[in-house]
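# Examining the three-dimensional arrangement
The residues making up each chain are set out below.
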Amino acid sequence: MGIIWTIIIGFVAGLIAKWIMPGRNEPSGFIMTTILGIVGAFVATYLGQALGWYRADEGAGFIGAIVGAIVVLFIYGLIVGRRSSSTY
C-alpha cells in the first residue's frame, strides 16, 4: 500500500506544484505534470528515508511530496530551457 499511497500523493502534489510554480518551460500536459509529481514524491520519500526523517516503511508526507515535486519541476524546467534555447 505504500507505493500506491506515494503515487496518489504524488499525483496531487504534482498538480499543486504546477499551480505554485507555473512557467514557460514547465510541462503543460496533465499527464507529464502528474508523472513529474509522482517522481517528486518518490524523490522526497527516498531523501527523507536517507536523511532519517522517515522510517523505511513510511512515505513522504504531503508537504514533502509537494516540495519534491517543485524540485523536480524546477530541474525539468532547467533542462528543457537549455534544450529549447540551444535550438534557436
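These numbers come from a predicted model, not from an experiment.

Each helix and strand in the protein chain was counted, giving three helices and zero strands. For the protein chain, the sequential pattern of α-helices and β-strands runs α-α-α. Taking all 88 residues of the protein chain together, the buried fraction comes to 32%. When the accessible surface of the protein chain is split by element, carbon and sulfur atoms take 72% of a total near 5800 Å².

Here we take up the UniProt feature "transmembrane region" (unreviewed entry) in the protein chain. Those places that UniProt annotates as "transmembrane region" (unreviewed entry) correspond, in this numbering, to residues 6-21, 28-47 and 59-79. Between the end C-alpha atoms of residues 6-21 there is a gap of 21 Å, over a span that is 94% helix and 0% strand.

Further remarks concern helix 2 (residues 30-50). An α-helix turns once per 3.6 residues; consequently, residues spaced three or four apart project the same way. Here helix 2 is 21 residues long and its end C-alpha atoms lie 30 Å apart, about the 30 Å a rise of 1.5 Å per residue gives. Following helix 2 by one or two positions, glycine 52 has its phi on the positive side, about 85°.

Each value, and the rule that gives it
- Residue positions are given per chain, counting from 1 as you read along its sequence in written order.
- Local features in a predicted model are, by the rule used here, given only for residues with pLDDT of at least 70; side-chain atom pairs are given and counted only at 80 or more, and totals for whole chains, interfaces and linings are based on all residues.
- To get the side-chain values, all heavy atoms of the structure are used, and hydrogens and water are removed first.
- Helix numbers and strand numbers start at the N terminus; a helix is a DSSP run of H or I with at least 4 residues, a strand a run of E with at least 2.
- For every residue, the accessible area (1.4 Å probe, protein chains only) is compared with the maximum for its type, and the residue is labelled buried under 20%, exposed over 50%, or partly exposed between those bounds.
- Values of accessible area rely on a 1.4 Å probe in the Shrake-Rupley scheme; residue burial ignores everything except the protein chains shown.
- UniProt positions are given in the numbering used here, feature names are shortened, and annotations may be inferred rather than shown by experiment.
- To estimate the expected span of a helix, subtract one from its residue number and multiply by 1.5 Å.

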